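# Summary of the model geometry
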Amino acid sequence: MLFYILILFGLYGWVEFEALIFIGSEIGGLASFLGIFVTAFIGMGLLRSQGRAVLAKWQANLTRGEVETASLASGLSLLVGALLMLLPGYVTDAMGILCFIPGLRFLIGRALLTRFQLVNAQNIFGNRFTSGFNTASDRYDNTANSNDRETSSRPKNLDGDIIEGDFEKKD
């Protein structure tokens, strides 16, 4: 695994270096070098402005008792886009800008959430969780019979349950 990471890191450096040389030959070395810093500031500005809107929408949903994955996906995509724009280089800046485009923002965030399987939080939140997209667990739930779905989607009430056990302290 470490070998693959080293190969990817080397490829990243090579691609960024080639892009810097190409852009530097077109617009000049100093302008190319300053462009890297300007894009970092642009990324932070975009994160600040668009992040507020996504955060406000997410907070409004939380006050209603819902957790919407669409705003979570958008927020994750904004965060990844800002991190990509902070990395030096024009290729990562281009990928970071793609994360800020509203239509692509949801798709990229959804792909990231699905990849890291953070969408399975639906099992934690029960019926209050509203999903903006289907996951493998949603497809599984649709194939189950209706009685199983009603009992599995209901949050479990643990009020009054007592769990007993013995323990010993070891130093």
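Remember, it's a predicted structure, so these values are computed and weren't measured experimentally. (Residues numbered from 1 in each chain as written. Predicted model: local features only at pLDDT ≥ 70, side-chain atom pairs only at ≥ 80, totals over all residues. Heavy atoms only, no water.)

## Here we look at the overall build of the chain
Tallying secondary structure elements over the chain gives eight helices and two strands in all. For the chain, the N- to C-terminal ordering of α and β elements is α-α-β-α-α-α-α-β-α-α. Pairs at least 24 residues apart make up 58% of the contacts formed inside the chain by residues separated by at least 6 positions. Total accessible area computed for the chain in this model is approximately 12,500 Å², and 65% of it derives from carbon and sulfur atoms. (Helix = DSSP H or I, 4+ residues; strand = E, 2+ residues; numbered from the N terminus. Contact = heavy atoms within 4.5 Å. Areas by Shrake-Rupley, 256 points an atom, 1.4 Å probe, with all protein chains shown as cover.)

## Regarding the packing of aromatic side chains
Tallying each qualifying case throughout the model produces three aromatic pairs. An angle of 35 degrees between the planes, with centres 6.4 Å apart, marks the rings of Phe9 and Tyr12 as tilted. One end of the pair, Phe9, and the other, Tyr12, are both in helix 1 (residues 2-27), three residues apart, so they sit about a helical turn from each other. Overall, the relative accessible area of 60% leaves Phe9 in the exposed class. (Phe/Tyr/Trp six-rings, centres within 6.5 Å; stacked < 30°, edge-to-face > 60°. Buried < 20%, exposed > 50% of the residue type's maximum accessible area, 1.4 Å probe, protein only.)

## Side note on helix 3 (residues 69-86)
Given a rise of 1.5 Å per residue, 18 residues ought to cover 26 Å, and the 26 Å separating the end C-alpha atoms of helix 3 matches this to within 8%. Among all positions in helix 3, only Thr69, Ala70, Ser71, Ala73, Ser74, Ser77, Leu78, Gly81, Ala82, Leu84 and Met85 are buried. (Expected span 1.5 Å × (residues − 1).)

## Quick notes on the nonpolar core
With five residues, the main nonpolar core is built from Val54, Leu78, Ala82, Met85 and Phe100. Aside from chain neighbours lying at most four places away, what touches Ala82 is Gly43, Met44, Leu47 and Phe100. (Core = buried A, V, L, I, M, F, W, Y, C linked by side-chain atoms within 4.5 Å.)

## Side note on a nonpolar patch on the surface
A cluster of nonpolar side chains, contributed by Met1, Leu2, Phe3, Tyr4, Ile5, Leu6, Ile7, Leu8, Leu11, Trp14 and Val15, occupies part of the molecular surface with about 1,300 Å² of accessible area. With respect to the helices and strands, the residue Leu11 is situated in helix 1. (Patch = residues over 30% accessible without salt bridge, like charges linked within 9 Å, V, L, I, M, F, W, Y side chains within 5 Å. Salt bridge = Lys/Arg side-chain N within 4 Å of Asp/Glu carboxyl O.)

## Quick notes on the confidence of the model for the chain
Per-residue confidence for the chain gives a mean pLDDT of 76; residues scoring 70 or more make up 72%. Every residue in residues 126-130 scores below 50 in pLDDT, and together they form 14 contacts with partners more than four places removed in sequence or on other chains. Taken together, the stretch residues 135-152 has pLDDT below 50 and engages in 10 contacts with residues farther than four places along the chain or on a different chain. (pLDDT = per-residue confidence, 0-100.)

## A few points about the side chain of Asp93
Mapped onto the elements, Asp93 comes out in helix 4 (residues 90-98). Nearest to the buried, unbridged Asp93 among oppositely charged side chains is Arg48, at 16 Å. (Lys, Arg positive; Asp, Glu negative; His and termini not counted.)

## Re the environment of Ser71
Position of Ser71 relative to the elements: it lies in helix 3. Take Ser71: its relative accessible area is 3%, and that puts it in the buried class. Residues within four places of Ser71 in sequence aside, it is in contact with Val54, Trp58 and Asn61.

## A word on helix 5 (residues 102-116)
Between its first and last C-alpha, helix 5 extends 21 Å over 15 residues, near the 21 Å set by a 1.5 Å rise per residue. Those residues of helix 5 that fall on the buried side of the exposure criterion are Arg105, Gly109 and Leu113. Each buried residue of helix 5 lies within a common arc of 55 degrees when the element is viewed along its axis, so the set occupies one face. When the buried face of helix 5 is taken as reference, the exposed residues oriented beyond 90 degrees from it are Gly103 and Arg115. Residues of helix 5 that are buried in the fold lie against helix 2 (29-63) and helix 3. (Arc of directions from axis to C-beta.)

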